[in-house]
Amino acid sequence: MHCETEDLIIRDSELEDVDQFFQWETRPEVTEFFSISRYQTRDDVYDKFFRDRNDPSASQFTILLKQEGQGPVMIGRVVLGDLIPGWKGEIWRIYIADTSFRGKGYGYQALRAVMDYMFTVLEMERVYLDFYTGNPAESLYLKAGFTEEGVLRRNCRKDGELHDVHLMSILKDEYLATLGDRTK
């Protein structure tokens, strides 16, 4: 995938991006609401990158911020899984890494671009995601049109602790309806 929004470029992740992913994913402000272990190693991040690269049911993308007069700068990551074109896919991980770039609409632009890719290019009927209780991104998912399907209690283990996981989805007809609402 390669797409652009008003402020972002979202492209396939490259091998050169993986060290930055590792650096981001050592920071608590990035990993707090993900099942990323605090013991994750650089090799773990590389292994996931190569597994996804060779797996037709997974994809990884890098989020770059356009900068006037300069080249784009990496600010985030998207990982998709359970991709079955024509049916369903999961937004397994999406984040803006630097907290100074949060709250500016970049996460929303990235999410909408990924949804557009999944519904129009991959022709998905269903896109879903999950998140830990308390994740502030829940409001972003609701704004983008996702509906909560339920809570999977103690469904995820992170560093020995069990966490409740909220499951949300959006169906193709619901996504198409959001395109007509310019306030979204």
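Coordinates for the structure precede this section.
Numbering of residues begins from 1 in every chain and follows the order in which that chain's sequence is written. The predicted nature of this model means local features are confined to residues of pLDDT at least 70 and side-chain atom pairs, given and counted, to a pLDDT of 80 or more, with totals for whole chains, interfaces and linings taken over all residues. Note that water and hydrogens are dropped before the side-chain values are worked out from all heavy atoms of the structure.

## Some details on the overall build of the protein
The helix and strand inventory of the protein stands at 6 helices and 8 strands. Every helix listed is a DSSP run of H or I at least four residues long, and every strand listed is a run of E at least two residues long, numbered separately from the N terminus. In the protein, the succession of helices and strands from N to C terminus is β-β-α-α-α-β-β-β-α-β-α-β-β-α. We compute the radius of gyration over the C-alpha atoms and compare it with the globule rule, which gives 2.2 Å times the number of residues raised to the power 0.38. At 16 Å, the protein has a C-alpha radius of gyration in line with the 16 Å of a compact globule built from 184 residues. Projecting the C-alpha coordinates of the protein onto the three principal axes gives extents of approximately 50 × 45 × 35 Å. Partitioning the contacts of the protein with sequence separation of at least 6, the portion at a separation of at least 24 is 63%. Note on areas: these come from Shrake-Rupley sampling with a 1.4 Å probe, and a residue is covered only by the protein chains present in the view. Summing over all exposed atoms, the protein offers an accessible surface of approximately 9,700 Å²; the carbon and sulfur share of this is 48%. This count recognises Lys and Arg as positive and Asp and Glu as negative, with His and chain-terminal groups excluded. Charge coordinates come from a single atom per side chain, which is NZ of Lys, CZ of Arg, CG of Asp or CD of Glu. Positive and negative side-chain charges in the protein, numbering 23 and 33 respectively, have mean positions lying 3 Å apart. Contacts are assigned to residue pairs that have any heavy atoms within 4.5 Å of one another.

## Some remarks on the environment of R53
Within the secondary structure, R53 is located in helix α3 (residues 42-53). Distance in space between the C-alpha atoms of R53 and A110 is 21 Å, their sequence separation being 57 residues.

## Re the pattern of salt bridges
Oppositely charged side chains may form a pair once their charged atoms are brought near each other. The salt bridge definition used is simple: a Lys or Arg side-chain nitrogen within 4 Å of an Asp or Glu carboxyl oxygen. Per the counting criterion, the structure on display carries 11 salt bridges. The residue D17 makes a salt bridge to R11 at a minimum N-O spacing of 2.7 Å. When a residue's accessible area, from a 1.4 Å probe over protein chains only, is under 20% of the maximum for its type it is buried; when over 50% it is exposed; and in between it is partly exposed. Classification of D17 by relative accessible area gives buried; the value is 3%. Residue classification places R11 among the buried positions, given a relative accessible area of 15%. Taking the shortest distance from any N to any O, the salt bridge between K88 and D82 comes out at 3.1 Å. What emerges from the salt-bridge pattern is a single network uniting R11, E14 and D17.

## Some words on the layout of surface pockets
Computed from the structure, the largest pocket encloses a volume of approximately 520 Å³. Lining residues are defined by having an atom within 4 Å of a point belonging to a cavity or pocket. Those points lie on a 1 Å grid over the protein atoms alone, cavities being sets where a 1.4 Å probe fits but cannot get out and pockets being open sets with protein on both sides within 12 Å along at least five of seven lines. Forming the walls of the largest pocket are 22 residues, and the residues nearest its centre are I96, R102, N135, A137 and L140. The set of elements that each furnish at least two residues to the lining of the largest pocket consists of α2 (28-31), β5 (88-96), α4 (106-121) and α5 (138-143). Under the convention adopted here, Pro, Cys and the residues Ala, Val, Leu, Ile, Met, Phe, Trp and Tyr are nonpolar, Asp, Glu, Lys and Arg are charged, and Gly plus all remaining residues are polar. Of the residues in the lining of the largest pocket, the class split is 13 nonpolar, 5 polar and 4 charged. Grid points are joined across faces, edges and corners, and a volume is the space filled by probe spheres set on the points. Reported here for the second largest pocket is a volume of approximately 270 Å³. In terms of lining, the second largest pocket is formed by 17 residues, of which the most central are F34, S35, W92, D130 and F131. Looking at the lining of the second largest pocket, the elements with two or more residues in it are β5, β6 (126-132) and β7 (147-158). Broken down by element, the residue count for the lining of the second largest pocket peaks at 5 residues, all from β5. Class assignment of the residues belonging to the lining of the second largest pocket gives a composition of 11 nonpolar, 3 polar and 3 charged.

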